[in-house]
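So you can see what is in the structure, the chains are spelled out below.
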Amino acid sequence: MSQENEHVQCLIIGSGPAGYTAAIYAARADLKPIMYTGMQAGGQLTQTTDVENFPGYPQGIMGPEMMEDFRKQAERFGTDIRFGYVSSVDFSSAPHKVVVDEIKTITADTVIIATGATAKWLGLPSEQQYNGFGVSACAVCDGFFFKGQDVAIVGAGDTAAEEATYLAKLCKTVHLLVRRDEFRASKAMVSRVLATPNIVVHYNTETREILGNGKNVTAVKVINNKTSEEIDIAVEGFFVAIGHKPNTDIFKGQLDMDETGYLLTKPGSTLTNIEGVFACGDVQDMYYRQAVTAAGSGCMAALDAERYLAAKEHAVEA
Ligand code: NDP
C-alpha cells in the first residue's frame, strides 16, 4: 500500500451527520475536504430504523437511507470520501499529522473531528436481535413509536431519569430498571421521576433477557439481585440509557477533554485547545446528542475552519 504523504487543507474524521454536514460546507467553500469515514461509515444512524425528527423529511426516513443522502450531498460538491480509520494523530505542530489505517500519514491545515460517541449496551444477544424493533438507545428519537404503550428503560443516571420522564409523557407505563438500591442521577432528577405517577421504579433489578415474538419486543425478563426473584414485565419498547462513550481515545493527551472523554470546545464555537483543530457532533456534546444538533455543529466546524484558514492567509499577505 502507498505510504507517500499527502497534504490537505481540510481533513474530516468521521461520517455521521456532523462529519457530512462539515463536508458539505467545506466542499462548497472550496476547501477540497477529504473525509475518513471510520469503521462504521454513516455513524450511529446506520443502526436505527425510522427517523421522524430530522427536518426536511415529512414522511420520515430510515436512518441508513438518510445517511446515504448525506453522503451523496457531500460527494456532489467534491468531498473525497474514503473508507478508513484514523489510527493516531499528532497535533503538536502545524500542519497537523494524521495517520490513517496505521500506514498512511496525511498532513492537514485544519482537522474537523466528528468521531461521535457510542451508546453503551447491556451486551445481551436479544438486545441486538431487537435493536430497531423495540430496542433503542435514544428515547427522544424513538419514544414516539411507543405512544400509549408500556415500555421499560434501564439505567439510573441523569439520562435514564430524564428519558424516563420524557417517555412518561408519551407512554402508558414506564418501568425504570435500576440495578442498585439507589440512583446515580441528581436529586432534582430523581424527585421528578418519583413524582411521576406512571413511572414504576424497580430497584435492585437487572435485565436477564429481552423477550419477543421474533419480530417485536413483548416483555423483559428481570431478576431482583437481592431476592433472586425473576419476573417478566410485559412491554413493547425497551430503552437502554446506561451511558455513552465518546470516541476520543486517539486524541488523549493532545486535546482537552472532560473526565469522561468528551472533547472540550470553546463555548459557542467548535474550537478545541489546538489551533486549526475543530470538534463537532456527539464527540463534544454529551447533552443533546441529536442528528440535527450534530449537523448544526458540523456546519459551525466548517465555517470555523474556513475562517481560520482565511485569517491565516491574510496574516501572510499583510
Ligand atoms: P452515567 O454514567 O451517569 O450513568 C449510567 C447509569 O447506568 C448508572 O446509573 C449505572 O448504574 C447504569 N448502568 C451502567 N451499566 C449498567 C448495566 N449493565 N446495567 C444496568 N445499569 C447500568 O450516564 P448518563 O448517560 O446518565 O449521564 C452521562 C453524563 O451526562 C453525566 O455526567 C450526567 O450527569 C450528564 N447528563 C446530564 C443531564 C442534565 O443535566 N440534564 C442529562 C443527561 C446526562 P450505577 O449507578 O449502578 O453505576
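This text gives an overview of the structure that appears in the document. Small disclaimer: the values here were computed from a predicted structure and weren't measured.

Cut-offs and rules
Residues numbered from 1 in each chain as written. Predicted model: local features only at pLDDT ≥ 70, side-chain atom pairs only at ≥ 80, totals over all residues. Heavy atoms only, no water. Patch = residues over 30% accessible without salt bridge, like charges linked within 9 Å, V, L, I, M, F, W, Y side chains within 5 Å. Areas by Shrake-Rupley, 256 points an atom, 1.4 Å probe, with all protein chains shown as cover. Salt bridge = Lys/Arg side-chain N within 4 Å of Asp/Glu carboxyl O. Helix = DSSP H or I, 4+ residues; strand = E, 2+ residues; numbered from the N terminus. Buried < 20%, exposed > 50% of the residue type's maximum accessible area, 1.4 Å probe, protein only. Polar contact = N/O pair within 3.5 Å; in protein donor to acceptor, adjacent residues only side chain to side chain. Phe/Tyr/Trp six-rings, centres within 6.5 Å; stacked < 30°, edge-to-face > 60°. Lys NZ or Arg CZ within 6 Å of the ring centre and 35° of its normal.

Once that is clear, we can look at a nonpolar patch on the surface. Where nonpolar side chains cluster on the molecular surface, the patch consists of Met 286, Tyr 287 and Tyr 288 and spans about 370 Å² of accessible area. If you trace the backbone, Tyr 288 turns up in the loop between β19 (277–279) and α7 (291–317).

Moving on, we get to the side chain of Thr 205. Topologically, Thr 205 is positioned in strand β14 (residues 205–212). On the basis of relative accessibility, which here comes to 7%, the residue Thr 205 falls in the buried class. Only 2.6 Å separates the side chain of Thr 205 from the backbone oxygen of Tyr 203, close enough to count as a polar contact.

Moving on, we come to the packing of aromatic side chains. Enumeration according to the criterion identifies 9 aromatic pairs in this entry. Centroid distance Phe 144 to Phe 145: 6.5 Å. Interplanar angle 75 degrees. Geometry classified as edge-to-face. On the accessibility criterion, Phe 145 (31% relative accessible area) is partly exposed. With a centroid separation of 6.1 Å and an interplanar angle of 70 degrees, the aromatic rings of Phe 278 and Tyr 308 are classed as edge-to-face. On the criterion of sequence distance, the pair formed by Phe 278 in strand β19 and Tyr 308 in helix α7 is long-range, its members being 30 residues apart. For the pair shown, Phe 278 and Tyr 308 are each scored as buried. Through a chain of ring-to-ring contacts, three or more aromatic side chains come together here, namely Tyr 20, Phe 54, Tyr 57 and Phe 70. Its end group placed over the ring of Phe 77, Arg 28 keeps NZ or CZ at 5.2 Å from the ring centre.

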